[in-house]
Amino acid sequence: ERIIVPAALSLNGNTITLAKRWSAAVLGRDPAAAPLSALETARRFAAVLRERHEKPHLAVVHTFSTHNLLLRYWLATGGLDPDRDVTFTVVPPAETVAAMAEGKIDGFCAGAPWGEVATRAGLGRNVATSHAIWNHGAEKALALRETLAERHPDWVQAALRAVLKAAVYCDVADHAPAVAVLLAQRKYLGLPADVILTSLPGAAARRAGSPFTGTDQSVFFANAATFPWRSHAQWFLREMARWGYLDGTIDPAGATAVFRPDLYAQAARALGLSVPTANDKSEGDHADGWLLPATPAPIAMGSDRFLDGARFEPGVSDLRADRRRAPA
């Protein structure tokens, strides 16, 4: 059955975490040393692989996940061929730390707070964040059956309004402690609230003086985080084609049709929230803050750069990008 995406849920939030024997070679052994850029860590990791002549086992949470695509982007930018130079395996997020502790994997790319958990356990360190790979890159999304939206439009609109209200609430740094306590419950993450706090809004200020660094911070509403950009569908399509997941079939129109900004706009307007005036946008153009045209008021946006300085223009960028290098 056809699936639609009427809203996104967050930006950023993932980390690439390598086991101690790999992260020490990439970052050095001094946790207090100045942080390295994601581009530099990618290049260093590639150099370590060439020196050791080893093929590390890296885990992602799902083959068709943002984690997999971002990890591959990072590896390729460093000069590696992900399918030749490393071995991929799928491990559920909550099992990544145990898999690293047991020596089953040498690293993973997963959402918060699992990179932080591995770091605190002394198993490894975070060498790159999703924000460092793609500033304010798309992460989680709300997916629904299309028939649900057709048969019960009022239900869907009510759900979207609830999601938007929750996103606004969760994006306030002062609300982070309450959100962390909620998520710490056994039926959700079952982890200490202070660990969960490390990736919630306001985390940078709370981490001041902490020996643990490198955790990414999720964005839930700012930066048009909840808008289902059809250009993001095209970027994911290109990356999936790049790594051979589409069996030669590339359908930009079909991919973009899955994202439904029309349904989003209806819910956002009912709450008095600003809605972008376009359904797609380029990526990689802005190193600093900028204003996104929207009604009734423009939306303040942050940087959208890729670690390699690439630019993605929807409808123009090559959807058959060379898998051996980061697309220009």
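The structure reproduced in this document is the subject of the present report. (Residues numbered from 1 in each chain as written. Predicted model: local features only at pLDDT ≥ 70, side-chain atom pairs only at ≥ 80, totals over all residues. Heavy atoms only, no water.)

Focus: the environment of Pro 228
Convention followed: A helix here means a DSSP run of H or I that spans at least four residues, while a strand means a run of E at least two residues long, and both kinds are numbered starting from the N terminus. Contacts between residues were defined by any pair of non-hydrogen atoms, one from each residue, lying within 4.5 Å.
Here Pro 228 lies in the loop between α12 (203-206) and α13 (230-242). Expressed as a C-alpha distance, the spacing of Pro 228 and Thr 215, which sit 13 residues apart in the sequence, is 25 Å. Setting aside anything within four residues of it in sequence, one finds Pro 228 in contact with Val 5, Pro 6, Ala 7, Ala 8, Phe 259, Arg 260, Pro 261 and Tyr 264.

So, the sheet that holds strand β3 (residues 57-60)
What counts is decided by this rule: At least two bridges found by DSSP between two strands are what make those strands a pair. Where helices are involved, their axes are fitted lines through C-alpha atoms of the stretch in contact, as for all axes, and angles between N-to-C directions lie from 0 to 180°.
Across the sheet, which stays open at both edges, the five strands sit in the order β4-β3-β5-β2-β6 with mixed pairing between neighbours. At either margin of the open sheet sits one strand with a lone partner, and together these are β4 (87-90) and β6 (124-129). On average, each strand axis in the sheet is inclined to that of its neighbour by 25°, with strand direction left out of account. Here four bridges tie β3 to β4, and the two strands are oriented parallel to one another. When the bridges of β4 are listed, Ala 59 appears paired with Thr 89.

What to know about the layout of surface pockets
Going by this rule: Site definitions follow a grid-based scheme: protein atoms alone, a 1 Å grid, a 1.4 Å probe that fits but cannot get out for cavities, and for pockets an open set with protein on both sides within 12 Å along at least five of seven lines, plus lining residues having an atom within 4 Å of a point. Grid points are joined across faces, edges and corners, and a volume is the space filled by probe spheres set on the points. Each residue is assigned to one class: nonpolar for Ala, Val, Leu, Ile, Met, Phe, Trp, Tyr, Cys and Pro, charged for Asp, Glu, Lys and Arg, and polar for all the others, Gly among them.
Within this model, the largest pocket holds a volume of roughly 780 Å³. Val 5, Phe 64, Ala 141, Phe 236 and Phe 259 are, among the 32 residues lining the largest pocket, the residues nearest its centre. Those elements that place two or more of their residues in the lining of the largest pocket are β1 (3-8), α3 (66-77), β7 (141-145), α13 and α14 (252-258). If you tally residues by element for the lining of the largest pocket, the top one is α13, at five residues. Classifying every residue of the lining of the largest pocket by side-chain character gives 23 nonpolar, six polar and three charged.

Notes on helix α1 (residues 20-27)
Put simply, the test is: Exposed residues in this analysis have more than 50% of their type's maximum accessible area, buried residues have under 20%, and partly exposed residues fall in between, with area computed by a 1.4 Å probe over protein chains only.
Where α1 is concerned, the buried positions are Trp 22, Ser 23, Ala 24, Val 26 and Leu 27. Of the surrounding elements, those touching the buried residues of α1 are β2 (14-19), α2 (38-52) and β6. Backbone geometry just after α1 places Gly 28 at a positive phi near 90°.

Re the nonpolar core
The condition is simple: Take the buried Ala, Val, Leu, Ile, Met, Phe, Trp, Tyr and Cys residues and link them wherever side-chain atoms come within 4.5 Å; each set so joined is a nonpolar core.
Counting residues in hydrophobic clusters, the biggest one holds 60 residues, and the most contacted among them are Phe 45 and Trp 74. With seven residues, α3 is the single largest residue contributor to this core. Once you skip the residues sitting within four places of it in the chain, Trp 74 turns out to touch Ile 16, Ala 38, Thr 41, Ala 42, Phe 45, Val 127, Ala 128, Ile 133 and Leu 307.

A short note on α3
Each α-helix turn comprises 3.6 residues. Residues three or four places apart therefore point the same way. Worth spelling out the cut-off: Expected span of a helix, by definition, is 1.5 Å for each gap between consecutive residues, and there is one gap fewer than residues.
The terminal C-alpha atoms of α3 lie 16 Å apart, and with twelve residues this matches the ideal 16 Å at 1.5 Å per residue to within 8%. Burial of α3 is extensive: twelve of the twelve residues sit out of reach of the surface. Every buried residue of α3 is accounted for by Thr 66, His 67, Asn 68, Leu 69, Leu 70, Leu 71, Arg 72, Tyr 73, Trp 74, Leu 75, Ala 76 and Thr 77. Backbone geometry just after α3 places Gly 79 at a positive phi near 105°.

Overview of the pairing of strand β5 (residues 107-111)
Of all five residues that make up β5, five are buried, and the element is covered over most of its length. Burial along β5 is two-sided: the residues Gly 107, Cys 109 and Gly 111 and Phe 108 and Ala 110 are all buried. Relative to β5, β2 runs antiparallel, the two sharing five bridges. In the sheet register, Ile 16 faces β5, and the bridge partner there is Cys 109. Where β3 and β5 come together, three bridges link them in parallel fashion. Across the sheet, Val 60 pairs through a bridge with Cys 109, a residue of β5.

Description of unusual backbone geometry
A cis amide bond links Ala 112 with the next residue in sequence, Pro 113, at an omega value of 5°. With respect to the element layout, Pro 113 can be found in the loop between β5 and α6 (114-120). In this structure, the amide linkage connecting Thr 295 to the following residue, Pro 296, adopts the cis form with an omega of 5°. At His 136, a residue that is not glycine, the phi angle is positive and equals roughly 55°. Overall, the relative accessible area of 17% leaves His 136 in the buried class. Within the chain, Ala 224 stands out as a residue other than glycine whose phi angle is a positive 55°. Note that Ala 224 resides in the loop between α12 and α13. The exposure class of Ala 224 is buried, given its relative accessible area of 8%.

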